[in-house]
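Working through the structure, step by step
So you can see what is in the structure, the chains are spelled out below.
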Amino acid sequence: MGVNVWQPDPQASFARRLGIAPTDPGSGREAGETGSGGEGGCPELWELANGDVAVIGRDLTENYAGKLPQGVSVGDGERLVVIPRGMARAANADIPDA
């Protein structure tokens, strides 16, 4: 019996931002720090229309390649992205409890 494996839907549209904009104070690692200097770009967390979550962050796949915990891997077609702590904390209020 096969196991169903999640596949992303490339046709899903962006529904809403989770948390705050990267230019808002508190979106960085420290209080009052921003995740972006206002030039646009990352970081961002978005809920897609199908309920999946899109993450825009700094690609650190190569930096963490030899540092992943046991049993953790980055597969083909995947990237390890990092976002500031403030972005994740701000998004917490917009993510329903599982």
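Above this note sits the structure.
Just so we're clear, the structure is a prediction, and the values are computed from it rather than from any experiment.

Here's the deal with the overall build of the protein chain
Helix and strand content of the protein chain: 2 helices and 5 strands. The secondary structure elements of the protein chain, listed N-terminal to C-terminal, are β-β-β-β-α-β-α. Once the C-alpha set of the protein chain is aligned to its principal axes, its extents read approximately 50 × 35 × 25 Å. Buried residues in the protein chain amount to 19% of all 98 residues. For the protein chain, the computed accessible surface area is about 7,200 Å², with 51% contributed by carbon and sulfur atoms. Side-chain charges of the protein chain comprise 8 positive and 14 negative groups, with the mean position of each set lying 7 Å from the other.

Focus: the pairing of strand 2 (residues 44–48)
Note: strand 1 (residues 14–17) against strand 2, 3 bridges, orientation antiparallel. Residue pairing across strands places Arg17 opposite Trp46, the latter belonging to strand 2. Here strand 2 pairs with strand 3 (residues 53–56) via 4 bridges, running antiparallel. In the sheet register, Glu47 faces strand 3, and the bridge partner there is Val53. Here strand 2 folds back onto strand 3, and the loop between the two strands holds 4 residues, one of which, Gly51, carries a positive phi near 95°.

Comments concerning the environment of Ala15
Relative to the assigned elements, Ala15 resides in strand 1. With residues up to four places along the chain from it excluded, the contact list for Ala15 reads Glu47, Leu48 and Ala49.

Here's the deal with the sheet that holds strand 3
Within a sheet, each strand pairs with its neighbour through backbone hydrogen bonds, oriented either parallel or antiparallel. Pairing within the open sheet is antiparallel, and its 3 strands lie in the order 1-2-3. The open sheet terminates on both sides in strands that have one partner only, identified here as strand 1 and strand 3. The mean angle between the axes of side-by-side strands here comes to 30°, regardless of whether they run parallel or antiparallel.

With respect to the packing of aromatic side chains
The tally for this structure, following the rule as stated, stands at 1 aromatic pair. Where Phe14 meets Trp46, the ring centres are 5.8 Å apart and the plane angle is 85°; that geometry is what we call edge-to-face. One end of the pair, Phe14, is in strand 1; the other, Trp46, is in strand 2, and 32 residues separate them in sequence. For Trp46, a relative accessible area of 22% gives the class partly exposed.

Here is what the cut-offs are and how they apply
- Residues numbered from 1 in each chain as written.
- Predicted model: local features only at pLDDT ≥ 70, side-chain atom pairs only at ≥ 80, totals over all residues.
- Heavy atoms only, no water.
- Helix = DSSP H or I, 4+ residues; strand = E, 2+ residues; numbered from the N terminus.
- Buried < 20%, exposed > 50% of the residue type's maximum accessible area, 1.4 Å probe, protein only.
- Areas by Shrake-Rupley, 256 points an atom, 1.4 Å probe, with all protein chains shown as cover.
- Lys, Arg positive; Asp, Glu negative; His and termini not counted.
- Charge placed at Lys NZ, Arg CZ, Asp CG, Glu CD.
- Pairing = 2+ DSSP bridges.
- Contact = heavy atoms within 4.5 Å.
- Axes fitted to C-alpha atoms, helices over the stretch in contact; angles between N-to-C directions.
- Phe/Tyr/Trp six-rings, centres within 6.5 Å; stacked < 30°, edge-to-face > 60°.

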